[in-house]
Amino acid sequence: MTDVLNYKGANPSVLRHDWTADEVEALFQMPFNDLIFQAQLAHRNHFDPNQVQVSTLLSIKTGACPEDCKYCPQSGHYNTGLDKEKLMEVRKVLEEARHAKASGATRFCMGAAWKNPPAKDMPYILEMVQGVKEMGLETCMTLGMLDEDQAGQLAEAGLDYYNHNLDTSPEFYGSIITTRTYSDRLNTLAHVRDAGMNICSGGIVGLGETERDRAGMLIQLANLPKHPESVPINMLVRVEGTPLEDVDAVDGIDFVRTIAVAKIMMPASCVRLSAGRENMSDELQALAFLAGANSIFLGEKLLTTANPKESSDRQLFNKLGINMEDTSELDEQALAKVCPLREQDNEQYFDAMKSDAMGQKAS
Ligand code: SF4
């Protein structure tokens, strides 16, 4: 018991940025019960264990992406029968955001299938950020690679989070994507951080990677100068027409292990149970929450793939006694508990609760 409590790599109160491959592989090799126990300890040290943050994700520009990510139905390199859609009108995006807020989402994420956002579309993108923020929702976007200037414009418009996943380890990356490099990815994350935005970055389990690759991806994330505030861990959704349609399915226990290791390495980050929930049983999702996942996407669609119905999510939360985080009702102290990184780095965090829309000045 003492060994489990004192496992040297897993002090739940320390945010480390010097993880080694051997240490992380040792975490993956721990007996499952010990690993989950460590992850739960780490989680409870930073979060209310019975609260889950809820985001909604909308595809604002769908398909015909010039990138060749082998898992993605939106890539223009594969024929998946997807209906392509050009950039959605600002008015329509704001309508969707209003609906998401009414359904209990606290963060509204907007995704566009681009290599990088075209200059001609940036004014519309900025209008979307401003409009969603004025509703009192946190804003998140995923638009591909950003240069320094674009990151600055988005931050100035009030974008809270930028999603840019590393997907897998640097070693395995070239087997999955050839149209950009790992360094391109890291450069965008650096621009996002330098512009003062929060980072949402994680990866995918089930691409055909080894456990060492899963460890390698988590090491890249945890050893960034600051941990991403949000770490989505996706289970591959195998879409017909993509090169990965026939890859072996991920073992549920291996998936939960990845969540637990992510939580131990980045205990103050929200770990998001992301794509693939549609194919998970209630029991597997419950294990993922036990392993420290504390964020989900609500809504029946995740960009272009299916997500559980809102009603089944609510039933599951009821069964587990989990509350959805509603930041609009929280005071400052409670907000710090839900997302402690706000407190630690409040110069970099632009708080939606203090935006002009709430009649107060942004900090
Ligand atoms: S994952 Fe993103 S960048 Fe890759 S093909 Fe899909 S939309 Fe494009």
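Our structure's up above, just so we're on the same page.
What counts and how
- Residues numbered from 1 in each chain as written.
- Predicted model: local features only at pLDDT ≥ 70, side-chain atom pairs only at ≥ 80, totals over all residues.
- Helix = DSSP H or I, 4+ residues; strand = E, 2+ residues; numbered from the N terminus.
- Buried ≥ 20, exposed ≤ 12 C-beta atoms within 10 Å, placed from the backbone.
- Contact = placed C-beta atoms within 7 Å.
- Near = placed C-beta within 6 Å.
- Nonpolar A, V, L, I, M, F, W, Y, C, P; charged D, E, K, R; others polar.
- Core = buried A, V, L, I, M, F, W, Y, C linked by C-beta atoms within 7 Å.
- Axes fitted to C-alpha atoms, helices over the stretch in contact; angles between N-to-C directions.
- Parallel < 35°, antiparallel > 145°, perpendicular 65-115°, else oblique.
- Left-handed = near helix turned anticlockwise from the far one by under 90°.
- Pairing = 2+ DSSP bridges.
- Right-handed = clockwise from strand over helix to strand, strands pointing away.
- Expected span 1.5 Å × (residues − 1).

Peer 1: Which parts of the structure should I look at to understand the overall build of the chain?
Peer 2: Within the chain, the secondary structure is distributed over 14 helices and twelve strands. Expressed as a percentage of its 363 residues, the buried residues of the chain come to 46%. A separation threshold of at least 6 residues defines the contact pool for the chain, and within that pool the share at least 24 residues apart is 78%.

Peer 1: Is there a simple way to explain the site of the ligand in this structure?
Peer 2: Taken together, the residues surrounding the ligand are Cys65, Glu67, Cys69, Cys72, Gln74, Ser75, Ala113 and Gly144. Among the residues making up the shell around the ligand, the classes are represented as four nonpolar, three polar and one charged.

Peer 1: How should the nonpolar core be read in this particular structure?
Peer 2: It is characteristic of soluble globular proteins that their nonpolar side chains tend to be buried jointly. In this structure, Tyr162, Leu218, Ile259, Ala260, Ala262, Met265 and Ala291 are the most contacted members of the largest nonpolar core, which totals 90 residues. Broken down by element, the residue count for this core peaks at eight residues, all from helix α10 (residues 252-265). Excluding residues within four positions of it along the chain, Ala262 makes contact with Leu218, Val231, Ile233 and Val271.

Peer 1: For this particular structure, what's the right way to read the packing of helix α2 (residues 21-29) against helix α9 (residues 211-222)?
Peer 2: When two helices pack together, their arrangement is captured by the angle between the axes and the distance separating the axes. Relative to each other, α2 and α9 sit at 120°, their axes nearing to 9 Å. One way to sum up the angle between α2 and α9 is to call them oblique. Pair α2 / α9 crosses with right-handed handedness. When α2 is examined against α9, the residues Ala21, Val24, Glu25 and Phe28 are found in contact with a partner set consisting of Glu211, Arg212, Ala215, Gly216, Leu218 and Ile219. Of the residues contributing to the contact of α2 with α9, the split by class is six nonpolar, one polar and three charged.

Peer 1: Would you take a moment to explain the pairing of strand β7 (residues 230-235) for this structure?
Peer 2: Regular strands place side chains that alternate from one sheet face to the opposite one. Within β7, six of the six residues are buried, leaving the element largely enclosed by the surrounding structure. Across the two faces of β7 the burial is the same, with Ser230, Pro232 and Asn234 and Val231, Ile233 and Met235 all buried. Relative to β7, strand β6 (residues 203-205) runs parallel, the two sharing three bridges. Following the sheet pairing, Gly203 is matched in β7 by Ile233. Following the backbone out of β6, through α9 and into the adjacent parallel β7, one traces a crossover that is right-handed. Crossover β7 to strand β8 (residues 270-273) through α10 is right-handed.

Peer 1: What is the right way to look at the environment of Pro170 in this model?
Peer 2: Residue position: Pro170 is located in helix α7 (residues 170-176). Sequence spacing of Pro170 and Gln220 is 50 residues, and the spatial spacing of their C-alpha atoms is 8.4 Å. Here Pro170 is in contact with Tyr182, Gly216 and Gln220, once residues within four sequence places are set aside.

Peer 1: Teacher, can you tell me more about helix α3 (residues 32-44) here?
Peer 2: Side chains of residues three or four places apart in an α-helix project in the same direction, reflecting 3.6 residues per turn. For α3, built from 13 residues, the straight-helix expectation of 18 Å at 1.5 Å per residue is met to within 8% by its first-to-last C-alpha distance of 18 Å. Taken together, the buried positions of α3 are occupied by Leu35, Ile36, Gln38, Ala39, Leu41, Ala42 and His43.

Peer 1: Explain unusual backbone geometry here, please?
Peer 2: With the exception of glycine, most residues fall at negative phi, and the peptide bonds are largely trans. With a phi angle near 55°, Ala64 is a residue other than glycine that sits in the positive phi range. With respect to the helices and strands, Ala64 occurs in the loop between β1 (51-61) and α4 (90-102). The class for Ala64 is partly exposed, based on 14 C-beta atoms found within 10 Å. In this model, Asp167 sits at a positive phi of 70°, which is unusual for a non-glycine residue. Relative to the elements of secondary structure, Asp167 occurs in the loop between β4 (161-163) and α7.

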